[in-house]
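Chain residues, written in single-letter form:
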Amino acid sequence: MRSAVAPRPDPEAEIATVETRWFESLRPRVLAGNAVELLESGARFFPALEAEIDAARREVLLETYIWADDAAGRRIAEALARAAARGVDVRVVVDGYGTGTVPGEAGAILARSAVRVEVFRPERRRFALDRQRLRRLHRKLAVVDGRVGFVGGINLLDDHNDPNHGMLGAPRLDFAVRVRGPVVVPLHLAGHRLAWELRVINRTLRATLRGAAERPPLPESIRSDARPAGRLRAALVLRDNVLFRHAIEKAYLEAIGAARRDVLIASAYFLPGRRLRRALLEAARRGVRVRLLLQGRVEYAVPHLATQSLYDGLLAGGVEILEYRPSFLHAKVAVVDDWATVGSSNIDPFSLLLAREANVVVHDAGFAAALRARLETVIAHDAVTVRAEHVRARPMWQRLRHAAAVLLVRIGVAITGSGGRF
């Protein structure tokens, strides 16, 4: 009797199965039973992250855009090395443009350890005009043992250290959250999905599935702790260039469109597309108080000037604009009534059209009030109100600079093929 021979799997069908499963698991979904802790800047973020890494027993996944060789970067490198020495599976992903090779002593600590470091889209030609080069890994997240996660805008970079401007006189303003509960499950899966992708980064997915002797782990093999840890309703919202291209923008549009009392957005880089600008102006016309806390110091000239080109129209439409001046603003947070978000996504073409980003959205009046209160304190003590009469009084040469900056941004967006949305 002839033995039955199992049919060879269809690679295209397997790809579709994997992508469908991931899409269903990673699509934005509000989950109850979470604990979400707001962490302001590295002064609170780094000790919390180090403590969780030191408590790790099984696995640490970490992703960052920038990893600096300073006190903060070395501190986390040492914690990861200690975890790896205990037998914990430690995997790190850095962006090929933001970091490339982890520098200096921080990189040496990782190199001497059992930590596995991968680079997302390594830079091969520094000055090539290739739109794919702009599709970066900009999200900052960590997951420990599938039970606790971190999401936010904070790179592995000291609060007073700036890669382009040196040491800062005041700490950078930024936020992250530590999360426990069911929302950690999609966060954990997102980290594993990227690890799976990076294992096949330089080959097509189809060829890899046909020929690889060892296939990447599938989502069902990932063990996460989905037990309730609190009472907050929260969702992980990802942005990528395949399944979730407009997810974060859509989350903002829905929240602003439903606003009844207050919209307060703090964004380091603010250059929204037409739909978001329209949503903000419509909210202001409905009587909603709309405030934008934006960068007051020039970190990058072109985006800074392009943002200022929007001031006329926004102020005329009833939007309040405040500029943060003591140091660089790196926050990417917002509060809309009882809705709040903390994450890595700015409101600009880079974040909303090109980069991989991760935000946590929280539906809770208490959390929203806490974040709003912190931003109100910053506004009261460290921000300057932009007056419409001052904007109107700008000289012609300054307006020409704004127009030139907008033109450069438009050209850059057009090169990516996404110009129609901005």
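No experiment lies behind these values; they were computed from the predicted model shown.

### Observations regarding the environment of Gly230
Reasoning step 1: Along the polypeptide, Gly230 turns up in the loop between helix 6 (205-211) and strand 10 (232-239).
Reasoning step 2: The exposure class assigned to Gly230 is partly exposed, which follows from its relative accessible area of 31%.
Reasoning step 3: In this structure, the C-alpha to C-alpha distance between Gly230 and Ala35, residues 195 residues apart in sequence, is 4.4 Å.
Reasoning step 4: With residues near it in sequence (within four places) discarded, Gly230 still touches Gly33, Asn34 and Ala35.

### Re the confidence of the model for the protein
Atom-level detail of predicted coordinates should not be read off regions where pLDDT is low.
Reasoning step 1: Averaged over all residues, the pLDDT of the protein is 88; the fraction at 70 or higher stands at 85%.
Reasoning step 2: Between residues 1-16, whose pLDDT stays under 50, and residues either more than four places distant or in other chains, the model counts 11 contacts.

### Observations regarding the pairing of strand 9 (residues 175-180)
Reasoning step 1: In terms of burial, strand 9 is largely enclosed, as 5 of its 6 residues are buried.
Reasoning step 2: As paired strands, strand 1 (residues 31-40) and strand 9 are joined by 6 bridges and run antiparallel to one another. Within the sheet, the bridge partner assigned to Ala35 lies in strand 9 and is Arg180.

### Some remarks on a nonpolar patch on the surface
Reasoning step 1: Judged by side-chain polarity, Val302, Leu407, Leu408 and Ile411 come together as a nonpolar surface patch covering roughly 350 Å² of accessible area.
Reasoning step 2: Ranked by residue count, the leading element in the nonpolar patch is helix 14 (residues 396-416), at 3 residues.
Reasoning step 3: The topology assignment puts Ile411 in helix 14.
Reasoning step 4: Here Ile411 falls in the partly exposed class, since its relative accessible area comes to 43%.

### Things to note about a positive patch on the surface
Reasoning step 1: Residues Arg274, Arg275, Arg278 and Arg410 make up a contiguous surface patch of positive charge.
Reasoning step 2: The element contributing the most residues to the positive patch is helix 8 (residues 274-285), with 3 residues.
Reasoning step 3: Along the chain, the position of Arg275 falls in helix 8.
Reasoning step 4: Owing to a relative accessible area of 45%, Arg275 belongs among the partly exposed residues under this scheme.

### Digging into the pattern of salt bridges
Reasoning step 1: As enumerated under the stated definition, the model contains 27 salt bridges in all.
Reasoning step 2: In this structure, the salt-bridge partner of Glu63 is Arg139, at a minimum N-O distance of 2.5 Å. A residue pair is termed long-range when its members are at least 10 positions apart, and Glu63 in strand 2 (residues 59-64) and Arg139 in the loop between strand 4 (116-120) and strand 5 (140-144) qualify at 76 residues.
Reasoning step 3: The salt bridge partner of Arg74 is Asp69, with a shortest N-O separation of 3.1 Å.
Reasoning step 4: Since its relative accessible area comes to 28%, Arg74 is described here as partly exposed.

Reading guide: rules and limits
- Residues numbered from 1 in each chain as written.
- Predicted model: local features only at pLDDT ≥ 70, side-chain atom pairs only at ≥ 80, totals over all residues.
- Heavy atoms only, no water.
- Helix = DSSP H or I, 4+ residues; strand = E, 2+ residues; numbered from the N terminus.
- Buried < 20%, exposed > 50% of the residue type's maximum accessible area, 1.4 Å probe, protein only.
- Contact = heavy atoms within 4.5 Å.
- pLDDT = per-residue confidence, 0-100.
- Pairing = 2+ DSSP bridges.
- Patch = residues over 30% accessible without salt bridge, like charges linked within 9 Å, V, L, I, M, F, W, Y side chains within 5 Å.
- Areas by Shrake-Rupley, 256 points an atom, 1.4 Å probe, with all protein chains shown as cover.
- Salt bridge = Lys/Arg side-chain N within 4 Å of Asp/Glu carboxyl O.
- Lys, Arg positive; Asp, Glu negative; His and termini not counted.
- Charge placed at Lys NZ, Arg CZ, Asp CG, Glu CD.

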